[in-house]
Amino acid sequence: MKYVNLAGEQVPALGMGTWNIGDSRASRAEEIRSLQRGLDLEMRLIDTAEMYGEGASEILVGEAIAGRRDEVFLVSKVYPHNATRRGTIAACERSLARLRTDRLDLYLLHWRGNVPFEDTIAGFEELQRAGKIRHWGVSNLNLADMEELCATPGGERVATNQVLYNLTRRGIEWDLLRWCVARGVPIMAYSPIEQARLVRDQRLVALARRVGVSPAQLALAWLLAKDGVIAIPKAGRVAHVEENHGALACLLDREIHAELDALFPPPRGPQPLAML
Ligand code: NAP
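Scoring rules and cut-offs
Residue positions within a chain follow its written sequence, with the count starting from 1. Local features in a predicted model are, by the rule used here, given only for residues with pLDDT of at least 70; side-chain atom pairs are given and counted only at 80 or more, and totals for whole chains, interfaces and linings are based on all residues. Computation of side-chain values: all heavy atoms of the structure, hydrogens and water removed. When we say a residue is near a molecule or strand, we mean one of its heavy atoms is within 4 Å of it. Think of a polar contact as two N or O atoms within 3.5 Å of one another; within protein, one of them needs to be a possible hydrogen donor and the other a possible acceptor, and neighboring residues in sequence only count if both atoms come from side chains. Per-residue and other accessible areas were derived by the Shrake-Rupley procedure at a 1.4 Å probe size, with only the shown protein chains allowed to occlude residues. Runs of E in the DSSP output that reach at least two residues are strands. Runs of H or I that reach at least four are helices, and both are numbered from the N terminus. Nonpolar residues are Ala, Val, Leu, Ile, Met, Phe, Trp, Tyr, Cys and Pro. Charged residues are Asp, Glu, Lys and Arg, and all others, Gly as well, are polar. What counts as a salt bridge is simple: a side-chain nitrogen of Lys or Arg found within 4 Å of a carboxyl oxygen of Asp or Glu. Think of it in three bands: with a 1.4 Å probe and only protein chains considered, a residue is buried below 20% of the maximum accessible area for its type, exposed above 50%, and partly exposed in between. Stacked, edge-to-face and tilted labels apply to pairs of Phe, Tyr and Trp rings (six-membered ring for Trp) whose centres lie within 6.5 Å, assigned for plane angles under 30 degrees, over 60, and everything in between, in that order. We call two residues in contact whenever any of their non-hydrogen atoms come within 4.5 Å of each other. All axes here are fitted lines through C-alpha atoms, helices being fitted over the stretch that makes contact, and every angle between N-to-C directions spans 0 to 180 degrees. An angle below 35 degrees is treated as roughly parallel, one above 145 as roughly antiparallel, one from 65 to 115 as roughly perpendicular, and anything else as oblique.

Draft legend 1. Spatial organisation of the site of the ligand. D47, K234, G236, R237 and H240 are the nearest of the 28 residues found near the ligand. Contact between the ligand and D47: an oxygen atom at 2.6 Å from a side-chain N or O atom of the residue. The protein chains hide 91% of the 910 Å² of surface that the ligand would expose on its own. With three residues, helix α9 (residues 238-245) is the single largest residue contributor to the shell around the ligand. Class assignment of the residues belonging to the shell around the ligand gives a composition of eleven nonpolar, eleven polar and six charged.

Draft legend 2. Structural context of the pattern of salt bridges. In the structure shown here, the tally under the stated rule is 25 salt bridges. One salt bridge connects R33 with E30, and the closest N-O pair in it is separated by 3.0 Å. Here the residue R33 and the residue E30 both occupy positions in helix α1 (residues 28-40), the gap between them amounting to three residues, near one helical turn. The exposure class of R33 is partly exposed, given its relative accessible area of 45%. Owing to a relative accessible area of 26%, E30 belongs among the partly exposed residues under this scheme.

Draft legend 3. View of the packing of aromatic side chains. The tally for this structure, following the rule as stated, stands at five aromatic pairs. Relative to Y52, the ring of W19 lies with its centre 5.9 Å away and its plane at 25 degrees, an arrangement referred to as stacked. Of this pair, W19 sits in the loop between β2 (9-12) and α1 while Y52 sits in the loop between β3 (45-47) and α2 (56-64), placing them 33 residues apart in sequence. Judged by its relative accessible area of 32%, W19 is partly exposed. Owing to a relative accessible area of 6%, Y52 belongs among the buried residues under this scheme. An angle of 90 degrees between the planes, with centres 6.3 Å apart, marks the rings of Y79 and W111 as edge-to-face. Note that Y79 is positioned in the loop between β4 (73-78) and α3 (85-99) and W111 in the loop between β5 (104-109) and α4 (117-129), a separation of 32 residues in sequence. Note on Y79: relative accessible area 11%, which makes it buried. Residue W111 is classed as partly exposed on the basis of its relative accessible area, which comes to 31%. A network of ring pairs unites the aromatic residues Y107, F124 and W136 as a single cluster.

Draft legend 4. Region of interest: the side chain of T48. Mapping T48 onto the fold places it in the loop between β3 and α2. A polar contact is formed between the side chain of T48 and the side chain of T18, at a distance of 3.2 Å. When sequence neighbours within four positions are dropped, the list of residues in contact with T48 reads T18, S57, E58, V61, V75, S76, K77 and L99.

Draft legend 5. Representation of the packing of α2 against α3. Interaxial distance between α2 and α3 falls to 7 Å at its minimum, and their mutual angle equals 45 degrees. Here α3 runs oblique to α2, going by the angle between their axes. Contacts from E58, I59, V61 and G62 of α2 reach α3 at S95, R98 and L99.

Nothing here speaks to function; it is all geometry.
This is the structure:
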């Protein structure tokens, strides 16, 4: 496993997402096995949110990690409309109950809403004092938002910004990525295989075939080669988890990076932050 420094702690650079996991009875057992297989493979970071299936994803994660809580770096997120001081605390307590645990390792503001940062930070800090969360961070914040957050008292303790980042969504490379990495704030790259659209991209399929890896592995290996980036692919099938884990062994040389840059060019100017 490769590790990334997050608030002074070494966390896996390859974790697991859970959006749409827990939504269907038919796939439930395989989804639980997938998360457990990922833990066996040291993909010990699990990302979920109160939003996913309105709690169904957290319930499934709770089942998957039962008896293995200490192995996991557990991440969940608060809805912006819940992110007042008291609302953040109440939402976290509901998440903890669904996850059947007493603490989160990282709690994120899912995206910026109308609640002032001061109030959300006050909620996060109270949760930290109570031992219910260890670190806090944000998601879907652009550079201007990050600057405002960091100028807010306590805001400089933000542990991560989780944003859309993959070969087809490179806009953050213009400014946000560098800004965060320079401040020691890792980026969590969500939808790292563009919700499976990248595995069907014929340009990537052809290059992956030449390299001798799968398209998902190539897309993930490209992210894993970057400093301060944590990738959280979602896979509801054991075979996909195992394949994604294989990305750790794909070391891409300079020529492959150049070919990827030619196929999926970096930004040539500032771009609005992309979101899903
Ligand atoms: P993703 O991880 O890019 O793609 C997930 C899709 O790819 C699933 O359909 C999955 O299928 C498929 N897949 C996974 N591994 C594969 C492989 N090796 N070969 C072929 N297909 C594969 O998209 P995502 O779920 O949107 O993003 C990942 C996580 O980021 C989410 O689950 C969530 O935790 C987080 N996220 C956060 C935000 C935010 O606003 N903060 C937004 C979006 C996502 P199977 O499930 O069938 O294996």
